[in-house]
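A look at the structure
What follows is the residue order along each chain.
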Amino acid sequence: MKSVHINRPQQTGALLIEVLVAMLLLSFGMLSLGTMLSFSVQMPKLSGYRALAVNLASSHIDRIRANPAGFNEYKTPLNETAWSFEEIESDTCQYPDCDATSLAVMDDAATRRAVRIALPAGDMLVTCDTATCSKDSHGNVWIVWQDPKLNAALNPSSSDNCSAEVTKIYTEPKPRCIYVGFKL
């Protein structure tokens, strides 16, 4: 008997096309992982800014409540330039020469300085719901900042409730806002 030997091609490795497809799939996975990593680095920073803004707003509201006679003087506009780095100055008032107005001006300047130090391009807007702020009025505080380094996908236009006055002054990048309403 004669043995018949059939030569079958044996596959011992991957074809080039299989390697290329595997690399393509791996690169898509790595790309999405890189995007997720970018968000995970930026979100704690944004959370930190929000926590600072809430604390600053709360502190300013406490100052207003401690000086209800000066409530109308706390009603202050935003700076006309969003990226202003000019020094915020005010006269310090010391007891017994301090009245409600000078205390309100000093408190406002101190909080604005703190906001500007703590937040990038930070500012503050204080309004009240009536034409003349009084101890029966409802007040509004917006702490505003801009962070040009945040990813554009974290667009604040859908998540922050900035007033029309804020969005008129702060255009690009879009501002971040914390709003706190209060009553004396």
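Summary of the structure given here. (Residues numbered from 1 in each chain as written. Predicted model: local features only at pLDDT ≥ 70, side-chain atom pairs only at ≥ 80, totals over all residues. Heavy atoms only, no water.)

So, the packing of aromatic side chains
For the coordinates displayed, the defined rule picks out three aromatic pairs. Both rings, one in Y49 and one in W145, keep their centres 6.3 Å apart while their planes meet at 65 degrees; by these two values the pair is edge-to-face. Taken together, the residues Y49 in helix α1 (residues 16–66) and W145 in strand β2 (residues 138–145) connect sequence positions 96 residues apart. Exposure remark for Y49: the relative accessible area of 15% places this residue in the buried category. We classify W145 as buried; its relative accessible area is 0%. The interplanar angle of 45 degrees and the centroid separation of 5.0 Å between the aromatic rings of W142 and Y179 together place this pair among those described as tilted. Of this pair, W142 sits in strand β2 while Y179 sits in strand β3 (residues 176–183), and the two are 37 residues apart along the sequence. (Phe/Tyr/Trp six-rings, centres within 6.5 Å; stacked < 30°, edge-to-face > 60°. Helix = DSSP H or I, 4+ residues; strand = E, 2+ residues; numbered from the N terminus. Buried < 20%, exposed > 50% of the residue type's maximum accessible area, 1.4 Å probe, protein only.)

Description of the pairing of β2
Sheet faces and side chains relate simply in a regular strand, where the side chains alternate between the two faces. Among the eight residues of β2, seven are classified as buried, and the element is accordingly described as predominantly covered. As paired elements, strand β1 (residues 123–128) and β2 share six bridges and run antiparallel to each other. For M124, the partnering residue across the bridge sits in β2 and is I143. Where β2 and β3 come together, eight bridges link them in antiparallel fashion. The residue of β3 that forms the bridge with V144 is C177. (Pairing = 2+ DSSP bridges.)

Some points on helix α3 (residues 100–118)
For α3, built from 19 residues, the straight-helix expectation of 27 Å at 1.5 Å per residue is met to within 8% by its first-to-last C-alpha distance of 27 Å. Among the residues making up α3, those that are buried are A104, M106, D107, D108, A109, T111, R112, V115 and R116. (Expected span 1.5 Å × (residues − 1).)

A closer look at the nonpolar core
One broad trend across soluble globular proteins is that nonpolar side chains are buried collectively. Judged by nonpolar contacts, the single largest core of 21 residues is most densely connected at L119, V141, I143 and W145. Counting only elements with at least two residues in this core, the list comes to α1, α2 (71–74), α3, β1, β2 and β3. Counting residues per element, this core draws most heavily on α1, at seven residues. Not counting chain neighbours up to four residues away, the residues in contact with W145 comprise L46, Y49, R50, A53, L119, P120, A121, G122, P175, R176, C177 and I178. (Core = buried A, V, L, I, M, F, W, Y, C linked by side-chain atoms within 4.5 Å. Contact = heavy atoms within 4.5 Å.)

Topic: the pattern of salt bridges
Summed over the entire model, instances satisfying the criterion amount to three salt bridges. The partner of D123 in a salt bridge is R112, with the nearest N and O atoms 2.4 Å apart. With a gap of 11 residues between them, D123 in strand β1 and R112 in helix α3 connect regions that are remote in the sequence. Both residues of the pair, D123 and R112, count as buried. In the salt-bridge network here, residues are joined through shared partners; they are D108, R112 and D123. (Salt bridge = Lys/Arg side-chain N within 4 Å of Asp/Glu carboxyl O.)

Here's the deal with a nonpolar patch on the surface
A grouping of L15, L16, I17, V19, L20, V21, M23 and L25 is seen on the molecular surface, where their side chains present a nonpolar patch of about 810 Å² in accessible area. Its place among the elements puts L25 in helix α1. (Patch = residues over 30% accessible without salt bridge, like charges linked within 9 Å, V, L, I, M, F, W, Y side chains within 5 Å. Areas by Shrake-Rupley, 256 points an atom, 1.4 Å probe, with all protein chains shown as cover.)

Quick word on the environment of K174
As for its position among the elements, K174 is in the loop between α4 (164–169) and β3. A relative accessible area of 38% means that K174 is categorised as partly exposed. Along the backbone, K174 and Q146 are 28 residues apart, and their C-alpha atoms lie at a distance of 6.7 Å.

Re unusual backbone geometry
The phi angle at A121 is positive, at roughly 55 degrees, despite the residue not being glycine. Checked against the element boundaries, A121 lands in the loop between α3 and β1. The buried category is assigned to A121, whose relative accessible area is 7%.

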